[in-house]
Amino acid sequence: MENYLPEAFSDAELEALSPYFTNTDGFVFCLHNIPQELAAALFARYSRSDKSLRRIFLDEFMEDVESISSQAPLGEGSRTRQLMKRVIGEYGDDSVAQLAVAHVAVEQVSTVLTRSLERHRMLSFLEQSTRYVNLSSLRTDGSLRAVIPQEFAGEVRHRYHRIIAQEFDLYSLVFGSMEARYSKGVDEGDVARRRAGRAAALDVARCCLPMSTMTNVGIVGSAQALEYLVIRLRSIGSSESLLVADAIADEVSKVLGLLVARMDRPDRGRRWTTYLADKQRGVDGLLGQLGAHETSVSPTPYAEPTVRLLDAEPGNDDELIPWMLYELSGASFAECEHWSIGLTEAERIAVFHAYVGERENRRHKPSRAWEMSSYTFEIETDYGSYRDLARHRLLTLLEQDPVALSGYQVDPQLAEEGLLESIDPVFDAAFRFAHELHSEVSAPTARMVLPLATRVRFVIRLNARELLHLVELRSQPQGHPVYRYIAQEMYRSLERVGHRRVAQAMRFVDLGTYSLGRTSEEEHLIEKLEN
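The following refers to the structure shown. Just so we're clear, the structure is a prediction, and the values are computed from it rather than from any experiment.

Considerations on the overall build of the protein
- When helices and strands are tallied, the protein shows 22 helices and nine strands.
- Projected onto the principal axes, the alpha-carbon positions of the protein cover approximately 80 × 70 × 60 Å.
- Within the protein, residue pairs in contact and separated by at least 24 positions form 76% of the contacts whose partners lie at least 6 positions apart.
- Counting only carbon and sulfur atoms, one obtains 51% of the accessible surface of the protein, whose full area is about 26000 Å².

Some details on the pattern of salt bridges
- Counted by the stated rule, this structure contains 39 salt bridges.
- Among the salt bridges present, the one from Asp59 reaches Lys51, with a minimum N-O distance of 3.2 Å.
- The salt bridge partner of Glu60 is Lys51, with a shortest N-O separation of 3.6 Å.
- What makes Lys51 partly exposed here is its relative accessible area of 30%.
- Through salt bridges that share partners, Glu7, Glu13, Arg45, Lys51, Arg55, Asp59 and Glu60 make up one connected network.

Considering the side chain of His480
- Of note, His480 is situated in the loop between helix H19 (464–474) and helix H20 (481–496).
- Residue class for His480 comes out buried when judged on its relative accessible area of 5%.
- Within polar-contact distance, the side chain of His480 engages the backbone oxygen of Asp203 at 3.2 Å.
- Setting aside chain neighbours within four positions, we find His480 in contact with Arg131, Asp203, Arg206 and Ser385.

Concerning empty space enclosed by the protein
- With the rule as written, the count across this model stands at two cavities of 30 Å³ or more.
- Taken as a whole, the largest cavity encloses approximately 80 Å³ of empty space.
- Considering the residues around the largest cavity, the lining is formed by Thr111, Glu127, Gln128, Ser129, Thr130, Leu135, Leu209, Thr213, Met214, Thr215, Arg387 and Leu452.
- A per-class count over the lining of the largest cavity returns four nonpolar, six polar and two charged.
- Looking at the second largest cavity, its volume works out to about 40 Å³.
- Lining the second largest cavity we find Arg115, Glu118, Arg387, Ala390 and Arg391.
- Partitioning the lining of the second largest cavity into residue classes produces one nonpolar, no polar and four charged.

Digging into the pairing of strand E9 (residues 455–462)
- Where strand E6 (residues 374–382) meets E9, eight bridges bridge the pair, whose relative direction is antiparallel. Bridge pairing in E9 places Thr381 opposite Val456.
- As defined by bridge partners, strand E7 (residues 396–399) adjoins E9 across four bridges and the pair is classed as antiparallel. What sits directly across from Glu399, in E9, is Phe458.

Here we look at the layout of surface pockets
- Taken as a whole, the largest pocket holds about 1500 Å³ of empty space.
- Gln280, Asp284, Ala443, Pro444 and Arg447 are the residues nearest the centre of the largest pocket, which is lined by 39 residues in total.
- Among the secondary structure elements, those contributing two or more residues to the lining of the largest pocket are helix H5 (111–117), helix H8 (223–236), helix H10 (269–290), helix H14 (383–390), E7, helix H15 (402–405) and helix H18 (443–446).
- Looking at which element gives the most residues to the lining of the largest pocket, the answer is H10, with 10 residues.

Considerations on the sheet that holds strand E5 (residues 306–313)
- With antiparallel pairing, four strands are arranged side by side in an open sheet as E5-E6-E9-E7. Edge positions in the open sheet fall to E5 and E7, since each of these has one partner strand only. The mean inter-strand angle of the sheet, taken between neighbouring strand axes irrespective of direction, is 15°.
- In this fold H19 packs onto E6 and E9, with an angle of close to 135° to the strand it touches most, E9.

Here we look at the side chain of His120
- Examined against the element boundaries, His120 turns out to sit in the loop between H5 and strand E2 (123–127).
- Exposure remark for His120: the relative accessible area of 16% places this residue in the buried category.
- Within the local environment of His120, its side chain forms a polar contact with the backbone nitrogen of Met122, the two atoms lying 3.0 Å apart.
- Among all residues touching His120, those that are not within four sequence positions of it are Phe125, Ala225, Tyr228, Leu229 and Arg393.

Points about helix H13 (residues 345–356)
- The first and last C-alpha atoms of H13 sit 17 Å apart over 12 residues, in line with the 16 Å expected at 1.5 Å per residue.
- Taken together, the buried positions of H13 are Arg348, Val351, Phe352, Tyr355 and Val356. Along the long axis of H13, the arc covered by the buried residues comes to 120°, so they all point the same way. Along H13, exposed side chains directed more than 90 degrees from the buried face belong to Ala346 and Ala354.
- Directly after H13, the chain includes Gly357, whose backbone phi takes a positive value near 80°.

A short note on a nonpolar patch on the surface
- On the surface, Phe43, Tyr46 and Leu99 cluster together into a nonpolar patch covering about 240 Å² of accessible area.
- Mapped onto the secondary structure, Leu99 falls in the loop between helix H4 (79–90) and strand E1 (101–110).

Regarding unusual backbone geometry
- Cis geometry is found at the peptide bond from Glu313 to Pro314, where omega equals 0°.
- The residue Pro314 is located in the loop between E5 and helix H11 (321–328) in this model.

A look at the pairing of E6
- Within E6, nine of the nine residues are buried, leaving the element largely enclosed by the surrounding structure.
- The pairing of E5 with E6 spans seven bridges and is antiparallel. In the sheet register, Leu309 faces E6, and the bridge partner there is Phe377.

Some thoughts on the packing of aromatic side chains
- Counted by the stated rule, this structure contains 16 aromatic pairs.
- Ring centres of Tyr20 and Phe57 lie 5.5 Å apart, and the angle between their planes is 50°; on these two criteria the pair is classed as tilted. Taken together, the residues Tyr20 in the loop between helix H1 (11–17) and helix H2 (36–46) and Phe57 in helix H3 (residues 53–69) connect sequence positions 37 residues apart. Each member of the pair, Tyr20 as well as Phe57, carries the same accessibility label: buried.
- Taken together through their ring pairs, the aromatic side chains of Tyr20, Phe21, Phe29 and Phe57 make up a single cluster.
- Above the plane of the ring of Tyr483 lies Arg474, whose end atom (NZ or CZ) is 4.8 Å from the centre.

Rules behind the numbers
Residues numbered from 1 in each chain as written. Predicted model: local features only at pLDDT ≥ 70, side-chain atom pairs only at ≥ 80, totals over all residues. Heavy atoms only, no water. Helix = DSSP H or I, 4+ residues; strand = E, 2+ residues; numbered from the N terminus. Contact = heavy atoms within 4.5 Å. Areas by Shrake-Rupley, 256 points an atom, 1.4 Å probe, with all protein chains shown as cover. Salt bridge = Lys/Arg side-chain N within 4 Å of Asp/Glu carboxyl O. Buried < 20%, exposed > 50% of the residue type's maximum accessible area, 1.4 Å probe, protein only. Polar contact = N/O pair within 3.5 Å; in protein donor to acceptor, adjacent residues only side chain to side chain. 1 Å grid on protein atoms, 1.4 Å probe; cavity = no way out; pocket = protein on both sides within 12 Å on 5 of 7 lines; lining within 4 Å. Points joined across faces, edges and corners; volume = space filled by probe spheres on them. Nonpolar A, V, L, I, M, F, W, Y, C, P; charged D, E, K, R; others polar. Pairing = 2+ DSSP bridges. Axes fitted to C-alpha atoms, helices over the stretch in contact; angles between N-to-C directions. Expected span 1.5 Å × (residues − 1). Arc of directions from axis to C-beta. Patch = residues over 30% accessible without salt bridge, like charges linked within 9 Å, V, L, I, M, F, W, Y side chains within 5 Å. Phe/Tyr/Trp six-rings, centres within 6.5 Å; stacked < 30°, edge-to-face > 60°. Lys NZ or Arg CZ within 6 Å of the ring centre and 35° of its normal.

Such coordinate-based values are descriptive only and should not be taken to indicate function.
Listed below in structure tokens is the structure:
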């Protein structure tokens, strides 16, 4: 930067700074080797000082850094702790809790619980994949890879265990059958097709796994987001959610200290948890009075998802033109709206083309004027595919309890393999069990026994920019066949409501059908490893 004036430091100061800053003379730098709580305190002080960050570090926090370097914990009288108490505890400054992050691993939790773990928009996640890990093997102690809820005891516990054991047996049966089907006629040396066949077989088989199947999740987020995660988990009220919430609270406190202290305060986090739990109980009671919980016990089989576009705003995608002109020009919205009315068809095409640009891959996206739009879809599909789509965070998603729909969805190939006769009685037993317990335990606990094939209905609302991202990503050949179908149907619905220009910009939607869509991806990975 032409007029940047580097700060002068003594040799001793430079030596003190070097272990904790990526450079000592640039106008952009990163902190490293500094605990998250101290880093947040530094930035909190930064906002109310005319000093540079490096100078604040030297003048006010070196004693805390030296304490940490000697493996001693931060004392209550330390500068960091005193600042955090004042800023977080007294001022209630939430923004400071956004300045520190933690990496949290949560292992051997149920697939049901992961929906609650991954619900927060401001957290990032990675979960153990059902596409690459065969979950049919027993654990080292000989037990199934499934969470056994503490709420189940005696005969209920025995019956639950019997049903999920049958579901795991089905999973193994379907996987073996489908892997044999996909590998038929494939040369032993064709590693890519064999790997693709294995992934495809796991894709089909996952519908048989119970929702109690254990999985591992990696979570990255700020202190503020992690506090809210703990508060929400506690409000669910199941034995598993309470256990996991308390474990996360204990562990993040070791890393983030006072930044997450409010989640356990009776007047803050605990009161918030009570509010959420009371609100849910009130809603459940009202729905019970209205008879809204009454559903069929016998599950209905379905062959494919349903996708309905309920609403599209604006009514015509040409109405996005004023917003694009507004962002690109210095005119008022009224002026941009007036200009757009007089545009010829060729000029309208030119505005869209210029705004979208020459997209070379699906990561190239139009700018935020496309967010002045809204599409509302109602989707019914299996729970496994729903979870894949629910990981998109820049949208609004409203899901219903899967117990309520009383249906399941499996790949049509299972009928061709003659496997439905084995599946139907097991799924029927699972649904009956879930319905019987639905009024006695929390909803997440009741659905533990249900297979991932269970049909769920949900609504998503998203703008054109996020829709472009979703349909292009989820329609790629290597994706799961079910969510590929959903993405393709969402794309096709744009033409039906006159949003053809938005649809035309989605150059990387793949509308093809593939039996082994991961083959090219596996070939690419093998080539990279060999080179």
